[in-house]
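# Understanding the architecture of this molecule
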Amino acid sequence: MQNEQWSNEDAALGDKLPYTFQAADSVCWTEATDSTNALVARVVRQRLQQQDGNDLRDLTAGLFDRESAAAIMASETQQGEGRIVLGGYAEAAEGTEFADTESAESGAGVDTAKQALFSPHHRAHVDYACNHNDVVAALLAQMGVATVQLDQLPTQVPISVALADTQTAGRGRLGRAWYNRAGESFIASYVAAVPKSLITGERSGWLTMAAGLAVVDALGHELTNSPALELDPSADITLKWPNDVFLIGRKLGGILTELTASNDDQAVVTFGIGLNLLVDPSRLPTRESTSLQLHYAPLPSHEELRDRLAAGIATALRVRLSALASWPDRIAERMRQEVTARSWTLGRRVVARLAQGGAVEGRAESINADASLTIRLDDGGIQTVTTGDVGVLPE
């Protein structure tokens, strides 16, 4: 009976998130959790305790596979959150059955409302529209990479995805609460295993920038290839340094990048991404925020739009991080040019609240090779900001 339930939910996940299920190495969906970044951290911690080796690439690729079942069920049951569905990378041929008694008994004693359900999946067996060669080739060309095949890159970065309908303790940078509502918000965490050299020194700032560009890529692709029309001809998706997605000067979403695990050679990085998709104007958290439906219509249902965006971000993030890992300096410079062209911050008067305390005002002048922001102060001096909060001032 247990395995019949798993089998039924295998199909249900494929129906619910068909594009995401095929674009990512493994997928987890839950009705509710404290935060998807926190969920990822718990699963990574459990998997590190379980596995014999220390290969973070394999761990990331199979993060939400069948072996994650007991750890996730136990963790989320303790959190008191909702039902979870997993779709994991599986080293098995198509049609392989997973109906062994030991696995069936692993969920014994867990409330069925919180039962983890599984969908074994092998990316190599899937030819999917959301990650086809044309999309990958276009992204690579955008970054100045001549090859049109992702598997021809020297380094390939695995991507797993956790999605939630709602999160009860979602937060952004500096501990700020993040508004979310089931059926209106996009809530996801993307897990990537990258070379450790990308999280140290001047390259580390480009990880968040890569995630921001991946969101812009996915939104642009979806809006260009859907019946949705611009309700405002000035609608333009931009990036506010360092981690916000803006639409016509208002905040559409944000990104929280966290280091989840590392060893001598590799690091697991989690990108928490939240977007306002179908939020009613009366429920927007601030006057400076907006929602996608206020600028484009008609949009598909929340479930379809979330799935297509989640898959698009997974594809773009995989391509961008793989290119960055393969040619760090060259791709960082290319991304600097892209971020500069897409920046809502540059050229505007800003206030920077510095991580070390205090604040400065001036005009945002440039994004630098290490992804820092240069501000020309009102007295003519220069302030370089590497971490902190930068707000655009009215003029």
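Up top is the structure these notes are about.
In short, a report on the structure. (Residues numbered from 1 in each chain as written. Predicted model: local features only at pLDDT ≥ 70, side-chain atom pairs only at ≥ 80, totals over all residues. Heavy atoms only, no water.)

The subject of this paragraph is unusual backbone geometry. Negative phi characterises most residues that are not glycine, and trans characterises most peptide bonds. For the bond from Trp 241 to Pro 242, the omega torsion is 0°, close enough to zero to count as cis. Secondary-structure assignment places Pro 242 in the loop between β7 (237–240) and β8 (244–247). The step from Ala 297 to Pro 298 runs through a cis peptide bond, and the omega angle for that step is 0°. Residue position: Pro 298 is located in the loop between β11 (296–297) and α9 (302–326). (Helix = DSSP H or I, 4+ residues; strand = E, 2+ residues; numbered from the N terminus.)

This part takes up the pattern of salt bridges. Evaluated as defined, the whole model comprises 19 salt bridges. In this structure, Arg 306 and Asp 165 form a salt bridge, with 2.7 Å as the shortest nitrogen-oxygen distance. On the criterion of sequence distance, the pair formed by Arg 306 in helix α9 and Asp 165 in strand β4 (residues 159–167) is long-range, its members being 141 residues apart. In this pair, the class of Arg 306 matches that of Asp 165, namely buried. The shortest N-O distance in the salt bridge between Asp 236 and Arg 342 comes to 3.3 Å. Here the residue Asp 236 occupies a position in the loop between β6 (229–230) and β7, and Arg 342 occupies one in helix α10 (residues 328–342), the gap between them amounting to 106 residues. When salt bridges with common partners are traced through the structure, they connect Arg 181, Glu 184 and Arg 283 into a single cluster. (Salt bridge = Lys/Arg side-chain N within 4 Å of Asp/Glu carboxyl O. Buried < 20%, exposed > 50% of the residue type's maximum accessible area, 1.4 Å probe, protein only.)

Judged by nonpolar contacts, the single largest core of 84 residues is most densely connected at Phe 186, Tyr 190, Leu 292 and Leu 321. If you tally residues by element for this core, the top one is α9, at 13 residues. If we skip the residues at most four places from it in the chain, Leu 321 touches Val 157, Ile 159, Ala 192, Val 194, Leu 207, Ala 210 and Phe 271. Membership of the second largest hydrophobic core comes to 13 residues, among which are Val 43, Leu 56, Leu 59 and Ala 261. (Core = buried A, V, L, I, M, F, W, Y, C linked by side-chain atoms within 4.5 Å. Contact = heavy atoms within 4.5 Å.)

Following the criterion strictly, the structure yields one aromatic pair and no others. One residue, Lys 16, lies across the ring of Trp 29, its end atom 4.5 Å from the ring centre. One cation-aromatic arrangement involves Arg 348 over Trp 344; the distance from NZ or CZ to the ring centre is 3.4 Å. (Phe/Tyr/Trp six-rings, centres within 6.5 Å; stacked < 30°, edge-to-face > 60°. Lys NZ or Arg CZ within 6 Å of the ring centre and 35° of its normal.)

The subject of this paragraph is helix α7 (residues 133–142). Turning to α7, its buried residues are Val 135, Val 136, Ala 137, Leu 139 and Leu 140. Immediately beyond the C-terminal end of α7, within one or two residues, lies Gly 144, with a positive phi of roughly 80°.

Over its 20 residues, helix α8 (residues 205–224) extends 29 Å from the first C-alpha to the last, a length consistent with the 28 Å expected when each residue adds 1.5 Å. Judged by how many residues are buried, α8 sits mostly within the fold: 16 of 20 residues are covered. (Expected span 1.5 Å × (residues − 1).)

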